[in-house]
Amino acid sequence: MEFLKNAWRNTGRRPARSLLTILSIAIGAFSVMLIGTVGMIGQQAVASELEDLGLQGLMLSGEERPLTEEVLTEASQEPSVAGATPLLVEYTDIRGRGEGRKAAVWGVDSGVDQIISMELKYGREITPADIRSGAHVCVVEENLAMEIFHRENAVGKTLTVTLDGAEEKFTIVGVMETGGALLQGMMGDSVPLFAYLPYTAQQQCTGRKDFDRIAVKLKQGVEPDDAKRLLSRQLGGEEAVKVEDMNRYAGTVQQVLSIVSLVLAAIAGISLLVACLSVMTTMLCSVGERTREIGIKKSIGASPQMIVWEFLLEAALLSLAGGLAGILAGVLVGWAGCLALGLSYPFPGTLALACAGVSLVVGTAFGAYPARKAAKLKPADALRTE
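Residues numbered from 1 in each chain as written. Predicted model: local features only at pLDDT ≥ 70, side-chain atom pairs only at ≥ 80, totals over all residues. Heavy atoms only, no water.

Visitor: Sorry if this is basic, but what is going on with the overall build of the chain here?
Guide: Regarding its fold elements, the chain presents 14 helices and 10 strands. Within the chain, the proportion of its 386 residues that are buried is 45%. The long-range fraction of contacts in the chain, counting pairs at least 24 apart against all pairs at least 6 apart in sequence, stands at 78%. (Helix = DSSP H or I, 4+ residues; strand = E, 2+ residues; numbered from the N terminus. Buried < 20%, exposed > 50% of the residue type's maximum accessible area, 1.4 Å probe, protein only. Contact = heavy atoms within 4.5 Å.)

Visitor: Could you clarify how one ought to interpret a nonpolar patch on the surface in this entry?
Guide: The grouping of I35, V256, I259, V260, V263, L264, I267, I270, V274 and L277 at the surface amounts to a nonpolar patch, some 840 Å² of accessible area in total. In this fold, I267 is placed in helix α9 (residues 246-289). (Patch = residues over 30% accessible without salt bridge, like charges linked within 9 Å, V, L, I, M, F, W, Y side chains within 5 Å. Areas by Shrake-Rupley, 256 points an atom, 1.4 Å probe, with all protein chains shown as cover. Salt bridge = Lys/Arg side-chain N within 4 Å of Asp/Glu carboxyl O.)

Visitor: Mind showing me how you'd approach the pairing of strand β9 (residues 213-218) here?
Guide: Two faces, one strand: in a regular strand the side chains alternate between the faces of the sheet. As defined by bridge partners, strand β1 (residues 58-62) adjoins β9 across three bridges and the pair is classed as antiparallel. Across the sheet, M59 pairs through a bridge with A215, a residue of β9. Where strand β2 (residues 81-96) and β9 come together, six bridges link them in antiparallel fashion. Within β9, the position partnered with V81 by the bridge is L218. (Pairing = 2+ DSSP bridges.)

Visitor: Quick question: what am I supposed to make of empty space enclosed by the protein here?
Guide: Rolled over the atoms, a probe as big as a water molecule pinpoints where empty space is left. With the rule as written, the count across this model stands at one cavity of 30 Å³ or more. Here the largest cavity defines a volume of roughly 90 Å³. As for the largest cavity, its lining consists of V108, D109, S110, V112, D113, M118, L120, E125, I126, V139 and Y196. Split into classes, the residues belonging to the lining of the largest cavity amount to seven nonpolar, one polar and three charged. (1 Å grid on protein atoms, 1.4 Å probe; cavity = no way out; pocket = protein on both sides within 12 Å on 5 of 7 lines; lining within 4 Å. Points joined across faces, edges and corners; volume = space filled by probe spheres on them. Nonpolar A, V, L, I, M, F, W, Y, C, P; charged D, E, K, R; others polar.)

Visitor: Mind showing me how you'd approach unusual backbone geometry here?
Guide: Leaving glycine out, the prevailing phi sign among residues is negative, and the prevailing peptide bond configuration is trans. Although it is not a glycine, H150 sits at a positive phi angle of roughly 60°. With respect to the secondary-structure elements, H150 resides in the loop between α5 (142-149) and β6 (158-163). Not every positive phi belongs to a glycine, and D164 is a case in point at roughly 55°. Residue D164 is classed as exposed on the basis of its relative accessible area of 55%.

Visitor: Even after reading the chapter, I still don't get the packing of aromatic side chains, so can you show me in this structure?
Guide: Aromatic ring pairs are reported here in terms of the distance separating the ring centres and the angle at which the planes meet. Tallying each qualifying case throughout the model produces three aromatic pairs. Centroid distance F194 to Y196: 6.4 Å. Interplanar angle 40°. Geometry classified as tilted. Y196 gets classed as buried once you look at its relative accessible area, which sits at 4%. Between Y199 and F211 the ring centres are 5.5 Å apart and the planes differ by 80°, which places this aromatic pair in the edge-to-face class. In this pair, Y199 is assigned in helix α7 (residues 199-206) and F211 in the loop between α7 and β9, connecting sequence segments 12 residues apart. The same class applies to Y199 and to F211, which are both buried. (Phe/Tyr/Trp six-rings, centres within 6.5 Å; stacked < 30°, edge-to-face > 60°.)

Visitor: How should the side chain of E74 be read in this particular structure?
Guide: Mapped onto the secondary structure, E74 falls in helix α3 (residues 69-77). Beyond its immediate chain neighbours, meaning those up to four positions away, E74 contacts R65, Q234 and L235.

Visitor: Just to check I follow, could you spell out the confidence of the model for the chain for this structure?
Guide: Low pLDDT means the predicted atomic positions in that stretch should not be read closely. Here the chain averages 80 in pLDDT, while 79% of its residues score no lower than 70. Considering only residues more than four positions removed or in separate chains, one finds that residues 180-190, a stretch of pLDDT under 50, has 23 contacts. (pLDDT = per-residue confidence, 0-100.)

Visitor: Help me out: how do you make sense of α5 in this one?
Guide: Residues spaced three or four apart along an α-helix point in a common direction, a consequence of the helix completing one turn every 3.6 residues. All of the buried residues in α5 are E142, L144, A145, I148 and F149. Viewed along the axis of α5, the buried residues span an arc of 155°, placing them on a single side of the element. In the segment just after α5, H150 is the residue with positive phi, at about 60°. (Arc of directions from axis to C-beta.)

Visitor: Is there a simple way to think about the pairing of β6 in this case?
Guide: With respect to burial, β6 is a largely interior element, five of its six residues being buried. Across two bridges, the pairing between β2 and β6 is antiparallel. Across the sheet, residue I94 finds its bridge partner in β6, namely V161. Linking two consecutive strands that pair antiparallel, namely β6 and strand β7 (residues 166-176), is a turn of two residues; a positive phi of about 55° is found at D164 within it.

Visitor: Would you mind showing me how to read the pattern of salt bridges here?
Guide: Once the charged atoms of two side chains with opposite charge are near each other, the side chains can pair. Applying the stated criterion across every chain yields a total of 11 salt bridges. Salt-bridge contacts for E167 lead to R95; the nearest nitrogen and oxygen are separated by 3.1 Å. Of this pair, E167 sits in strand β7 while R95 sits in strand β2, and the two are 72 residues apart along the sequence. Assessed through its relative accessible area of 36%, R95 is described here as partly exposed. What you see here is one network of salt bridges that share partners, running through R65, E70 and E74.

Visitor: Would you mind going over a negative patch on the surface with me for this structure?
Guide: Residues E63, E64, E238 and E239 make up a contiguous surface patch of negative charge. Checked against the element boundaries, E63 lands in the loop between β1 and α3. (Lys, Arg positive; Asp, Glu negative; His and termini not counted. Charge placed at Lys NZ, Arg CZ, Asp CG, Glu CD.)

Visitor: Where do I start with the environment of P348 in this structure?
Guide: Along the chain, P348 turns up in the loop between α11 (304-341) and α12 (349-366). The class of P348 is buried, set by a relative accessible area of 2%. C-alpha separation for the pair P348 and M40, spaced 308 residues apart in sequence, amounts to 7.9 Å. Residue contacts for P348: discarding those within four places in its chain leaves M33, T37 and M40.

Visitor: In this structure, what is going on with the side chain of S80? I would like to understand it.
Guide: Residue position: S80 is located in the loop between α3 and β2. For S80, the contacting residues outside a window of four places in its chain are L218, K219, V222, A227 and L230.

This is the structure we're talking about:
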């Protein structure tokens with residue numbers, strides 16, 4: 001306890017120098033916390049975007065057995081399945097009012113919103129009546145409406161879609177909020193715009209009887225691996241119909257993002273290591289200023305170990321104070337930023353503990369050389385120093 005009191009008292013001898021040392025460490029810790037928080041927010045945002053894009057549940061693709069109405073019925077009847085919807089997809093040209101571009105055109109059933117997150121903004125969804133009649137109607141996302149018609153509410157407008165080489169006209173009956181807006185902003189055309197047609201209409205236009213994929217939503221609490229095994233057995237095995245867990249792709253993306261966030265935090269951590277060098281500078285100056293004091297303490301019986309502990313504790317106090325100040329500043333700025341943007345704040349508890357630990361350990365380690373130098377001073381030489 002006496003060592004701690006002396007260390008606390010010594011840090012106050014040169015308050016300006018101690019404050020600058022604490023500030024330099026705080027800036028390094030603040031950088032690590034802020035970059036780590038931004039990375040966590042980015043992971044949450046991308047996870048939400050991937051969910052909106054429909055990367056969830058299971059996806060069936062035909063191998064030896066084509067995906068027909070029979071396969072769709074069998075998949076729907078599996079007890080672990082909450083819903084199944086057929087999908088036809090074609091990356092093709094679309095036009096409207098002279099404006100054109102490439103888009104992903106999906107042929108879907110009326111229950112597609114159970115599988116893919118779709119939030120209607122204008123108009124209506126595709127109905128069972130549209131499916132039965134093969135109506136030439138479609139639902140588009142708002143970004144597509146803006147690019148083609150330069151307005152979000154494009155209900156009632158006509159969209160020309162190229163299917164199997166022939167142009168077909170579809171009336172827009174609904175506009176939904178764009179899923180994957182963040183990903184589109186980051187990746188541009190790598191994440192396409194979407195338009196949804198009744199799958200029966202797309203089959204009529206292309207002359208097809210089968211589907212490209214069947215999307216499957218699982219019941220609450222059902223493990224994807226168990227459902228994959230049961231569905232595969234019911235549909236004739238992996239050789240007949242391939243069953244894929246779409247969550248696996250989202251997990252892969254999240255893993256990559258975690259690695260990127262970790263690398264960025266590590267780069268920011270270099271600034272923290274550099275900041276801890278200021279502890280060594282401060283402690284070396286302190287040893288030079290307190291040479292006579294060290295000589296007096298050693299002449300009245302202070303051991304080298306006592307001198308080492310006194311200087312190490314002083315270095316630890318400076319490092320810990322700087323680390324905690326930087327962590328607090330990083331948390332406050334991150335929370336304020338999330339509040340301003342309307343996002344939930346993911347408190348990086350593990351990162352905060354790691355940052356505090358690194359500040360303490362590295363700062364103390366950099367204080368070891370000055371402490372050892374002080375402990376090696378001979379009392380006679382130290383007392384002769386002016």
